[in-house]
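As a plain string of letters, each chain reads:
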Amino acid sequence: MALLRRNPDMTVTTLEDGTFVVDPSTQAIFYLDTLAGGVWTALAEPMSAADLEALLLDAFPDRPRDTIIADLTALLRSMTERGLLLTSSD
Amino acid sequence: MSARRAYRFAALDDAWIRVDSDAALEPFQRRFLALWPMVEGGDAPADIVVEAIGDDIDAYLLRHPALPDGALRVSSAEEAVNQIVPPLVAEVIERAARLVSLHAAAARVGDGLIVLPGDSMSGKSTLSLQLALRGARFVGDDRLLVGDGTTRGGDGGPAGVALGLTPRVRLPIHPAAGADYIAFIERHMAVEHRDDDGVATIATVDPASIGGAPFGELAPISAIVVPRRVEGDEAALDLRPLARGQAALVLLRQAATPAVDAAELVGMMSALAAGVPCWSLTFGSSARAADRLMRPLGG
């Protein structure tokens, strides 16, 4: 099973309501909102997408399951495409 | 015919920026950078070059690494002076570490600087002049430098540094700004542009006559206030705390410092947002909004 992990080359600055991630190779600045910042925090240790999904479903029991799964799927794709996250084969 | 002139513009800490320019630009340099010290002369190699292009007396070429592709062609002496500002600011920052140029207005209310970052048409320029009408120290209507205050002997806290640029207003002034504001601007303005019918459209406001801060004046930042003007609702007035991350995001979007490393820029703007109270101000009347900003903003 592929594991997701943070790209160790990124520089991170965390504020109370958001996280900034900088890619030093491109000088791109990313702002992570509460959900994305939560994913980043959760990936302090590598984790599978399935485990992340379970984590979020447990953290937001009052939100529709399908919405959480759809949001997380889109978010992980976006963060991976932008190089913020790596998979265990990288 | 081109008349080459050498000028020196002040940088911080008693340094100077050499500009090879043209005599035709001097009247605009003195009008648009009214409180930025400039002297003629100097024989050091130029940091910024402005030269008339061939026999076309209305075209100039500016050269500086901060410009796109290192050079910029403009079609008037006035525009050449407008476009000198970014390279001048870049030179100031290069000589003084840990400063960022911010697209923001600012005024000193009491002992602290209220910084108003925002896009064009956000109302920040009018707010800064409304605050000046009310006795605040005008620091800038469109651009200033911010840093951690270690430059120029500050105490290390977040600070703003004035650039001494001349503020501009669009004409006619909306009546909602108030009769006092209109009279204030008319007392201190000079018309710069008129439309084809001769109607005034843009005016400069003499920063010296309104007690504005000269280039290099430093003041501690007491608040970041992100303005948002609402059209058609003069009663609108809402000042509320702004989350630090959102404030840092606004500051980053308004930062204009191409030579600063992105991680360093994020660190500086995050530290600024975390170091002072941050507010969001939605308003319909700049007069009412300025009245509110002159009172203590809150914790």
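Calculation notes
Each chain has its residues counted from 1, running along the sequence as written. For naming, the first written chain is A and the first written ligand is 1, with later ones following in the order written. Totals for whole chains, interfaces and linings use every residue, but because this is a predicted model, local features are given only for residues with pLDDT of at least 70 and side-chain atom pairs only at 80 or more, for both listing and counting. Only heavy atoms go into the side-chain values, all of them from the structure, while hydrogens and water stay out. In DSSP terms, a helix is any run of H or I states spanning at least four residues, a strand is any run of E spanning at least two, and both are numbered starting from the N terminus. Throughout, radius of gyration means the C-alpha value; the globule benchmark is 2.2 Å times the number of residues raised to the power 0.38. Throughout this description, buried means an accessible area under 20% of the type-specific maximum (1.4 Å probe, protein chains only), exposed means over 50%, and partly exposed covers the range between. Here a residue-residue contact requires only that any non-hydrogen atoms of the pair lie within 4.5 Å. Computed by Shrake-Rupley with a 1.4 Å probe, the accessible areas treat only the displayed protein chains as cover when residues are assessed. Only four residue types enter the tally: Lys and Arg on the positive side, Asp and Glu on the negative side, with His and both chain ends excluded. By convention, charge coordinates are those of NZ in Lys, CZ in Arg, CG in Asp, or CD in Glu. The rule for a salt bridge is simple: a side-chain nitrogen of Lys or Arg has to be within 4 Å of a carboxyl oxygen of Asp or Glu. Polar contact criterion, stated in full: a pair of N or O atoms within 3.5 Å, where within protein one must be able to donate a hydrogen and the other to accept it, and residues adjacent in sequence count only if both atoms are side-chain atoms. Any residue outside Ala, Val, Leu, Ile, Met, Phe, Trp, Tyr, Cys, Pro, Asp, Glu, Lys and Arg is labelled polar, Gly included; the first ten of those are nonpolar and the last four are charged. Helix span, as expected, comes to 1.5 Å for every residue beyond the first. Directions from the helix axis toward the C-beta atoms define the arc. Two kinds of site are reported from a 1 Å grid over the protein atoms alone, namely cavities, where a 1.4 Å probe fits but cannot get out, and pockets, open sets with protein on both sides within 12 Å along at least five of seven lines, and residues are called lining when an atom falls within 4 Å of a point. Grid points are joined across faces, edges and corners, and a volume is the space filled by probe spheres set on the points. Boundary definitions for the domains trace back to an automatic or database domain assignment. The term buried area refers to how much accessible surface (probe radius 1.4 Å) is lost by two components on association, counted for both of them together.

### Brief notes about the overall build of chain B
What chain B contains, in helices and strands, is 7 helices and 17 strands. For chain B, whose C-alpha radius of gyration is 19 Å, the value lies close to the compact-globule estimate of 19 Å for 299 residues. Dimensions of chain B, computed from the C-alpha atoms along their principal axes, are close to 55 × 50 × 30 Å. Counting only residues that meet the buried cut, chain B has 51% of its 299 residues in that class. Long-range pairs, those at least 24 residues apart, make up 66% of the contacts in chain B between residues at least 6 apart in sequence. Taken as a whole, chain B presents about 12800 Å² of accessible surface, with 50% of it coming from carbon and sulfur. Counting 28 positive and 38 negative side-chain charges, chain B places the averaged centre of each group 5 Å from the other.

### So, the overall build of chain A
A count of helical and extended segments in chain A gives 3 helices and 5 strands. For chain A, the α and β elements follow one another from N to C terminus as β-β-β-β-α-α-α-β. At 13 Å, chain A has a C-alpha radius of gyration in line with the 12 Å of a compact globule built from 90 residues. Along the first, second and third principal axes, the C-alpha set of chain A runs to 40 × 30 × 20 Å. Counting all 90 residues of chain A, 37% fall into the buried class. At a minimum sequence separation of 6, the contacts of chain A that also span at least 24 residues come to 54%. As displayed, chain A has an accessible area near 5200 Å², and 53% of this comes from carbon and sulfur atoms.

### Focus: the interface of chain A and chain B
For interface size, the figure often reported is the accessible area lost on association. Across the contact, 10 residues belong to chain A and 14 residues belong to chain B. Connecting chain A to chain B are 0 salt bridges. On inspection of chain A and its partner chain B, the count reaches 6 residue pairs in polar contact (both at pLDDT 80 or more). Listed by contribution, the elements that provide at least two residues to the side of chain A that touches chain B are β2 (11-15), β3 (18-23) and β4 (28-32) of chain A. The leading source of residues in the side of chain A that touches chain B is β2(A), at 3 residues. For the side of chain A that touches chain B, the class distribution of residues is 5 nonpolar, 3 polar and 2 charged.

### Description of the environment of B:S75
All names here are of chain B. On the secondary structure map, S75 appears in the loop between β6 (71-74) and α2 (77-95). Expressed as a C-alpha distance, the spacing of S75 and T282, which sit 207 residues apart in the sequence, is 38 Å. Residues contacting S75, with those up to four places away along its chain left out, are D58 and A59.

### Side note on helix α3 (residues 65-81) of chain A
All names here are of chain A. Look at α3: 24 Å from first C-alpha to last across 17 residues, which is about the 24 Å you get at 1.5 Å a residue. Turning to α3, its buried residues number three or more, namely I68, L72, L75, L76 and M79. The arc that holds the buried residues of α3, viewed along the axis, is 100°, so those residues lie on one side. Residues of α3 that are exposed and point over 90 degrees away from its buried face: D66 and E81. A positive backbone phi angle near 85° is found at G83, which sits one or two residues after α3.

### Observations regarding empty space enclosed by the protein
Residues and elements named next belong to chain A. Tallied over the full model, the rule gives 1 cavity of 30 Å³ or more. Lining the largest cavity we find L35, L56, F60, R63, I68, D71 and L72. Looking at the lining of the largest cavity, the element that brings in the most residues is α3, giving 3 residues. Class assignment for the residues of the lining of the largest cavity results in 5 nonpolar, no polar and 2 charged.

### Observations concerning helix α3 (residues 124-133) of chain B
Residues and elements named next belong to chain B. Most of α3 sits inside the fold, with 8 of its 10 residues counted as buried. K124, S125, L127, S128, L129, Q130, L131 and A132 are the residues of α3 that are buried. Phi turns positive, to about 100°, at G135, one or two residues after α3.

### Focus: the domain arrangement of chain B
Residues and elements named next belong to chain B. Per the domain assignment, the segments making up chain B are domain 1 (4-95) and domain 2 (99-293). Inter-centroid distance (C-alpha atoms) of domain 1 to domain 2 is 24 Å. Each side of the interface is counted separately: domain 1 has 18 residues, and domain 2 has 24 residues. In total, domain 1 and domain 2 occlude about 1700 Å² of area from one another, counting both sides; carbon and sulfur atoms represent 66% of this. Three residues stand out in domain 1 for area buried against domain 2, namely L12, L35 and I93, and they jointly supply 38% of the buried area on that side. In this assembly, domain 1 and domain 2 are joined by 1 salt bridge.

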